[in-house]
Amino acid sequence: MSAACQSRATAYNRRVSDTTELHGLLHRHFGFHEFLEGQETVIEAIVGGQDSVVIMPTGGGKSLCYQLPAMVLDGITVVVSPLIALMKDQVDAMMEKKIPATFINSSLGQSEMDNRIARMQRGEYRLVYVAPERFKSERFVAALAPLSIALFAIDEAHCISQWGHDFRPDYLRLKWALKDLGQPQVAALTATATPEVRDDIIEQLALGKFGRQPPQVFVSGFARHNLTLAVTRAKNKAEKLERIFDAIRQLKTGIVYCATRKNVEKVYEHLAEKRAQATYYHGGMSEDQRTKAQDKFMSGQCPVAVATNAFGMGVDRSDLRFVIHFDIPGSVEAYYQEAGRAGRDGEPARCELLFNYADVRTQEFFIEGANPTREIIASLHQALLRLCKGGPVEMPMSEIAEHVKAAKNDMAVGSALYLLERAGFIARDYRQGSRTYTTRLIEPARSLDDLEINFERLDAKHVRDQAKLRRIIDYVDCHGCRHGYILNYFGETDAAARCSACDNCGSGPARKHRAARPARAEAAPDATPLSVSARERTVLLQKALSGVARMNGRFGLGRITLVLTGSRSKEVFDSRLEELSTYGLLKEFGYDFTQELLRRLAAADCIHVTDSEYPKASLTELGRQVMLAKTPLDIELPPFEKAKPAARKAAAAATKAEASYDGAVFEALREWRRDLAATMGIPAYLIYPDVTLKELSRQKPQTMAALLEVRGIGPAKARQFGAETLAIIRGASS
Ligand code: ADP
């Protein structure tokens, strides 16, 4: 044990002789009678001088893990927290308990800040909450350095990890701040528990180094017995909305999370139409609008909030009876963090994920956007050298993106700009109220190779993001206990398979939901179990498996599905896959059924899917045996939906698009589409159907983001045809 740890442990022994005393402190200072799960062990370790990484879910009681030690350790407990909006409340709560505490963040004027620092130096506080960006100020760090800091508690510690969903560069500074402060004891606390994030917290804070003992990692409290976990496969938006109305009718209060701002607004409009009392919240709204929306929800004026993941940090309403995900989120941790906002009062609550495979593409689009390739970064680097040669330029990001050859996704250019800024190649000034930045080169302009950009690390993050997405898709597909799946994911192994309520185990409140409205496979009303003879069933499995075998392990399940269902897409024709004997073998079953069948075959160990950036599927030995009908396989076939005439829907959409479109743009787009279709040798409607062309000529989007707002254009289409579409629209509009 290092000298520092030893002296802390002595202080602990002197002040707290046994756990009875910890209970005494718990009761005396905080008014609680018992520790919540995991708290006591953590607190014992912290007051014993141990560096700790504490992983507990939201609402698990992490704050007490540093607040109680703050009462017994010699010196100040500094709490780093990004939740500036909540600091005052936290400090007020401490003061009510007669615990001397204060906060230091950008909401204070300089003189008040100096005043608080002076009082800190006089030892007037036990707890000081500090915003991470304070550590940018050398003056602030210098003021802290001579103080006796007993504990450096880092709340929301996942913000230090670039693998986390909420990375904040200011957190990277903390490692240096710790060094300047003489390596005080650290407690890093978070609700994000993946092994990568955990390891990254330890590495980024250099825990276990500089003479410290290796940190102890605590994972507890992830089991939420009062939550019912369910996944409902929804064929379309209408079915999803039906589920939301069902939850509002039955359960009244909750949050509906959507993946995009567009979906937030659409869902909100539907709720408003039906006079549901709801509010909405996303990052595209002004700060004032967001505060108002949050207040309406927190005050109970609106029992339902429709929001993107921007809504959450600081949502402290414990009586939410449901959290519904309208779209699949990007990872299990993002899902559980958001879903975990339900039922924080311990009363039963429903967490339902509405799943449609098409939504996965939105997340794939986000992943591409967040992980620019080396090619994009290099192309942007070159473009900026050219653009900024004569001095600073003022340009919106979308315009910069036009100069980047490799970019199909504006968001990726935004991420690449951020990387180049962080590497000290450019500086950007954001002009309030506009989307425009002034960008200038930092002289002397350096070559890409001279910049500190770790491409290997970026690639690794890309692969991990994709792997995380696969894990949440696995959660959707899992046939076992959903609670068990999540606990296992977070590494809380002892609690595995303790299902209290999920749609797969069907115990507890889940059963009620099932009765009210079947979840999962039974969800789609037009879906029925496929009625086939044993012989037909064997042949069906053989066809599906031969589709895998025929592709020789070169493609993923998506492409195999396209081939089996006889798709006329570019992905198929480009690789001449239509020439395979398995092309169109399962055409009559459609994409969704075939895709689900392949997934189930993978889950049954007949197909192996590689865990790589572009997962590739091949047959396992068992799969080969089943394909050759040498081994029987007993798996449940997916529900089967008969194709419905889409005429009515198409007609409604067409009427809307007819309303007011620009004829010149429409004609230009149509001509371009005809030429492209001829070049690609596919029917024109496979590029865009007429209704989409009309919608495009009505909205005339100018940026990739606006293009994605157009009905009928998803990330895949935007990737494939987006740049050309925008160019045609621009040309024809001018
Ligand atoms: P987290 O930071 O993990 O999200 P908090 O520290 O905010 O959670 O605690 C969640 C709630 O639990 C708070 O209202 C807190 O007062 C309460 N709490 C914490 N510890 C205990 C305890 N031992 N007994 C009862 N309530 C507790």
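Because the structure is a prediction, the values reported are computed rather than measured.

S.K.: What should I look at first to understand the site of the ligand in this one?
M.R.: Among the 13 residues in the neighbourhood of the ligand, the closest are listed as Glu34, Gln39, Gly59, Lys62 and Ser63. A distance of 3.3 Å separates an oxygen atom of the ligand from a polar backbone atom of Gly60. Between the ligand and Ser63 there is a distance of 2.5 Å, counted from an oxygen atom to a side-chain nitrogen or oxygen. Protein contact buries 65% of the 560 Å² of open area that the ligand shows by itself. Looking at the shell around the ligand residue by residue, the class counts come to four nonpolar, six polar and three charged.

S.K.: Looking at this model, I keep getting lost on a negative patch on the surface. Mind explaining?
M.R.: Residues Glu265, Glu269, Glu273 and Glu709 make up a contiguous surface patch of negative charge. Considering the arrangement of structural elements, one finds Glu269 in helix α11 (residues 261-273).

S.K.: Is there a simple way to explain the sheet that holds strand β4 (residues 127-130) in this structure?
M.R.: Either a parallel or an antiparallel arrangement is found when strands of a sheet pair, and the pairing is made through backbone hydrogen bonds. Judged by pairing direction, the sheet is parallel, and its seven strands sit side by side in the order β3-β4-β2-β5-β6-β1-β7 without closing on themselves. Sheet topology places β3 (101-104) and β7 (216-219) at the edges, where each strand pairs with a single neighbour. Averaged over all neighbouring strand pairs, the angle between strand axes comes to 15 degrees, with direction disregarded. By the bridge criterion, three bridges tie strand β5 (residues 149-154) to strand β6 (residues 186-190) in an arrangement that is parallel. Looking at the pairing, Ile154 lines up with Ala188 of β6.

S.K.: In this structure, what is going on with empty space enclosed by the protein? I would like to understand it.
M.R.: To find leftover empty space, one rolls a probe the size of a water molecule over the atoms. By the definition in use, this model includes two cavities of 30 Å³ or more. Of all the elements, helix α13 (residues 332-339) adds the most residues to the lining of the largest cavity, at three residues. Tallied by class, the residues present in the lining of the largest cavity amount to five nonpolar, three polar and two charged. Each of two domains, domain 1 (3-219) and domain 2 (227-355 + 478-503), supplies a minimum of three residues to the lining of the largest cavity.

S.K.: Is there a simple way to think about the pattern of salt bridges in this case?
M.R.: Side chains that differ in sign of charge can pair as their charged atoms come close. The full count for this structure, using the stated rule, is 33 salt bridges. With its nearest N and O atoms 3.9 Å apart, the salt bridge here joins Lys235 to Glu239. In this structure, Arg537 and Asp634 form a salt bridge, with 3.9 Å as the shortest nitrogen-oxygen distance. Of this pair, Arg537 sits in helix α21 (residues 534-550) while Asp634 sits in the loop between α25 (621-627) and β20 (640-641), and the two are 97 residues apart along the sequence.

S.K.: Explain the pairing of β6 to me, please; I cannot follow it from the model alone.
M.R.: The side chains of a regular strand alternate, first on one face of the sheet and then on the other. In terms of residue burial, β6 counts as a mostly covered element, since five of its five residues are buried. Of the two faces of β6, the one holding Val186, Ala188 and Thr190 and the one holding Ala187 and Leu189 are both buried throughout. Sheet topology places strand β1 (residues 52-55) next to β6; four bridges connect them, and they run parallel. Residue Ser52 lies in a different strand from β6, and its bridge partner there is Ala187.

S.K.: Hey, could you run me through the nonpolar core in this one?
M.R.: It is characteristic of soluble globular proteins that their nonpolar side chains tend to be buried jointly. Among the nonpolar cores identified, the biggest contains 116 residues, and Phe135, Phe152 and Leu205 are the most heavily contacted of them. The leading source of residues in this core is helix α4 (residues 62-72), at seven residues. Residue contributions to this core reach at least three from each of two domains, namely domain 1 (3-219) and domain 2 (227-355 + 478-503). When neighbours within four sequence positions are excluded, Leu205 is seen to be in contact with Ile154, Ile160, Leu174, Lys175, Leu178, Val186 and Ala188. In terms of nonpolar packing, the next biggest core, distinct from the first, is built from 32 residues, Val572, Phe593, Cys606 and Leu633 among them.

S.K.: When you look at the sheet that holds strand β8 (residues 227-233) in this model, what are you seeing that I'm missing?
M.R.: Reading across from one edge, β8-β13-β12-β9-β11-β10 is the order of the six strands in this open sheet, with parallel pairing throughout. Whereas interior strands pair on both sides, the edge strands pair on one side only; in this sheet they are β8 and β10 (278-281). With direction set aside, neighbouring strand axes in the sheet form an average angle of 15 degrees. Across seven bridges, β8 lies against strand β13 (residues 349-355) in parallel orientation. Each residue of the ladder has a partner; that of Leu227, found in β13, is Ala349. Here α11 sits on the sheet and contacts β9 (254-257), β10 and β11 (304-307); the angle it forms with β10, its principal contact strand, is near 170 degrees.

S.K.: What is the right way to look at unusual backbone geometry in this model?
M.R.: One can expect most non-glycine residues to show negative phi and most peptide bonds to be in trans. Note that the residue after Glu443, namely Pro444, is joined by a cis bond; omega there is -5 degrees. In this structure, Pro444 sits in the loop between β16 (436-441) and α18 (455-477). Here Gln183, not a glycine, exhibits a phi torsion of approximately 50 degrees, which is positive. In this fold, Gln183 is placed in the loop between α8 (174-180) and β6. In this structure Gln183 comes out as buried when scored by relative accessible area, which is 18%.

S.K.: Help me out: how do you make sense of the confidence of the model for the chain in this one?
M.R.: Fine structural detail should not be taken from predicted coordinates in areas where pLDDT scores are low. When the pLDDT values of the chain are averaged, the result is 84; 87% of them are 70 or greater. Helix α20 (residues 509-516) is the least confidently modelled element of the chain, averaging 35 in pLDDT, while strand β12 (residues 322-325) averages 98, the highest of any element. The model gives residues 507-526 a pLDDT under 50, and that stretch makes 53 contacts with residues more than four places away or in other chains. In this model, residues 643-658 is a region of pLDDT below 50 whose contacts with residues beyond four sequence positions or in other chains number eleven contacts.

The rules behind each value
Residues numbered from 1 in each chain as written. Predicted model: local features only at pLDDT ≥ 70, side-chain atom pairs only at ≥ 80, totals over all residues. Heavy atoms only, no water. Near = heavy atom within 4 Å. Polar contact = N/O pair within 3.5 Å; in protein donor to acceptor, adjacent residues only side chain to side chain. Areas by Shrake-Rupley, 256 points an atom, 1.4 Å probe, with all protein chains shown as cover. Nonpolar A, V, L, I, M, F, W, Y, C, P; charged D, E, K, R; others polar. Patch = residues over 30% accessible without salt bridge, like charges linked within 9 Å, V, L, I, M, F, W, Y side chains within 5 Å. Salt bridge = Lys/Arg side-chain N within 4 Å of Asp/Glu carboxyl O. Lys, Arg positive; Asp, Glu negative; His and termini not counted. Charge placed at Lys NZ, Arg CZ, Asp CG, Glu CD. Helix = DSSP H or I, 4+ residues; strand = E, 2+ residues; numbered from the N terminus. Pairing = 2+ DSSP bridges. Axes fitted to C-alpha atoms, helices over the stretch in contact; angles between N-to-C directions. 1 Å grid on protein atoms, 1.4 Å probe; cavity = no way out; pocket = protein on both sides within 12 Å on 5 of 7 lines; lining within 4 Å. Points joined across faces, edges and corners; volume = space filled by probe spheres on them. Domains from an automatic or database assignment. Buried < 20%, exposed > 50% of the residue type's maximum accessible area, 1.4 Å probe, protein only. Core = buried A, V, L, I, M, F, W, Y, C linked by side-chain atoms within 4.5 Å. Contact = heavy atoms within 4.5 Å. pLDDT = per-residue confidence, 0-100.

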